[in-house]
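These are the residues of each chain, in order.
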Amino acid sequence: MTALDFGRRMHRIGPSGSPFLIVDARSARLCTGLWIATVALAFIAVLTGSAQITALEAARALVGLGDDYTNMVVLEWRAPRILMAVLLGTCLAFSGAIFQNLTANPLGSPDVIGFQTGSYTGAIVVMLLLGGGATATMVGALTGGVVTAFVVFFLASQRGSIRGVRLIIVGIGVSAMLASVNVWILLTATVEDAIMASLWGAGNLSGTSWPAFLTAFGCSVLLIGAACLLARPMRLTRIGVPFATALGQNVRRLQVTAIFIGVGLTAVATATAGPISFIALAAPQIARRLVHSDGLALGPTAAVGSFLLLLADVIAQRVHPDSPLPVGIVTVSIGGLYFLWLLLREGKKK
């Protein structure tokens, strides 16, 4: 796409025309289908598991007419976990879309760049070294992610802007160093604390409660809204930094804002459920391929991310009912195959 074609397209879209707000038939069908599939998967998650619940019992519990046991299973155990999977799937997918757009590279996700590792470092420092609680852990994850992001941003920037490949390479290096720090912290902790932090570090939605969900929702809703506002200005930068600058865009400020929002979304997910890989890497690419979009496509991306994380959690709980797996193990297993395919595909282009 040339700059002239892009300018004409943006003129037709108008001032409010971000990829999130464009409604075409293909995107509408895709989002509708994915959200229907997500709702159907949520019903499966409510009805099945170690405690079998009938559809009638679940319906009665949802309207406040169930017995104590059914209310506990449906409303206290399963409902907040399902909603948390949907929320964190959206957060991770949005974060991946921002960084892939920022780097113009499908490998440019917080999983690969190292921001998620930085969030994990901040969280375990608070958990194991400072003895902080859930709120302090979330603050630590956010601080660790933001500090890591700006270190990577500083090392990867050239002449006031970020180069995609350079950002990825620097991020991988910083992530490797932080991973060694994380291992050292775990080795110096007590056995009980190390086991607890390791289980949390695998990415786990078990034990999700309504207070935890409401905290995560409150922290993420503003970041999600800010990500939607970034859609149009980031769309301008995809055609090129000189073109965006010529239109009056402050590219450096946009990049710093995008990094802060993307890291914030990753940090919320990491602090709530631990590091969950693959979703941020795969969801934006799957959504863009399905709708044939060259922008952020945040609507389809949110639908894909929510469905993928909920599906992974359903699999994790039911692959071995007597000993459920952390959801992060399932996403890593699937994501490893996707990552290998993506590397091979990118290698064939060169």
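Quick note: structure is the one above.
Residues numbered from 1 in each chain as written. Predicted model: local features only at pLDDT ≥ 70, side-chain atom pairs only at ≥ 80, totals over all residues. Heavy atoms only, no water.

What follows deals with the overall build of the protein chain. When helices and strands are counted, the protein chain shows 15 helices and 2 strands. Looking at the 350 residues of the protein chain, the share that counts as buried comes to 52%. (Helix = DSSP H or I, 4+ residues; strand = E, 2+ residues; numbered from the N terminus. Buried < 20%, exposed > 50% of the residue type's maximum accessible area, 1.4 Å probe, protein only.)

Looking now at the nonpolar core. Counting 82 residues, the largest nonpolar core has Phe 94, Ile 98, Met 234, Leu 265 and Ile 279 as its most contacted members. Broken down by element, this core gets its largest block of residues, 15 residues, from helix H4 (residues 68-103). Within the second largest apolar cluster, 12 residues are counted, among which are Leu 128, Ala 141, Leu 186 and Ala 271. (Core = buried A, V, L, I, M, F, W, Y, C linked by side-chain atoms within 4.5 Å.)

For Phe 278, which is not a glycine, the phi torsion comes out positive at approximately 80°. As for its position among the elements, Phe 278 is in the loop between helix H12 (251-273) and helix H13 (279-291). Given a relative accessible area of 9%, Phe 278 falls into the buried group.

Quick look at a nonpolar patch on the surface now. Where nonpolar side chains cluster on the molecular surface, the patch consists of Leu 311, Ile 315, Val 319, Leu 325 and Ile 329 and spans about 360 Å² of accessible area. Within the secondary structure, Leu 325 sits in the loop between helix H14 (298-318) and helix H15 (327-348). With relative accessibility at 31%, the residue Leu 325 sits in the partly exposed group. (Patch = residues over 30% accessible without salt bridge, like charges linked within 9 Å, V, L, I, M, F, W, Y side chains within 5 Å. Areas by Shrake-Rupley, 256 points an atom, 1.4 Å probe, with all protein chains shown as cover. Salt bridge = Lys/Arg side-chain N within 4 Å of Asp/Glu carboxyl O.)

Bringing helix H7 (residues 134-156) into the picture now. A rise of 1.5 Å per residue sets the reference length of H7, with its 23 residues, at 33 Å; its end C-alpha atoms lie 33 Å apart and thus fit the reference within 8%. Within the span of H7, buried status applies to Thr 137, Met 138, Gly 140, Ala 141, Gly 144, Gly 145, Val 146, Thr 148, Ala 149, Val 152, Phe 153 and Ala 156. (Expected span 1.5 Å × (residues − 1).)

Turning next to the packing of helix H2 (residues 25-47) against H4. The interhelical angle for the contact between H2 and H4, taken along N-to-C directions, is 150°, at an axis separation of 10 Å. Considering their axes alone, H2 and H4 lie roughly antiparallel with respect to each other. Relative to H4, H2 is oriented so that their crossing is right-handed. Contacts between H2 and H4 involve Trp 35, Thr 38, Ala 42, Ala 45, Val 46 and Leu 47 on the former and, on the latter, Val 74, Arg 78, Ile 82 and Val 86. Taken together, the residues of the contact of H2 with H4 break down into 8 nonpolar, 1 polar and 1 charged. (Axes fitted to C-alpha atoms, helices over the stretch in contact; angles between N-to-C directions. Parallel < 35°, antiparallel > 145°, perpendicular 65-115°, else oblique. Left-handed = near helix turned anticlockwise from the far one by under 90°. Contact = heavy atoms within 4.5 Å. Nonpolar A, V, L, I, M, F, W, Y, C, P; charged D, E, K, R; others polar.)

So, on to the side chain of Thr 148. Relative to the assigned elements, Thr 148 resides in helix H7. In contact with Thr 148, not counting residues within four places along its chain, are Gly 114, Phe 115, Gly 118, Val 174 and Leu 178.

What follows concerns the state of the cysteines. In total, this model carries 0 disulfides according to the counting rule given. The structure places no disulfide on Cys 91, whose sulfur is separated from the nearest cysteine sulfur, that of Cys 219, by 9.6 Å. Its relative accessible area of 32% is what places Cys 219 among the partly exposed residues. (Disulfide = S-S within 2.5 Å.)

Now for the side chain of Thr 270. Along the polypeptide, Thr 270 turns up in helix H12. According to the relative accessible area criterion, Thr 270 is buried, its value standing at 0%. The contact partners of Thr 270, leaving out residues within four places of it in the chain, are Gln 116, Ser 119, Tyr 120, Trp 200 and Pro 275.

Coordinates in, geometry out; function isn't part of it.
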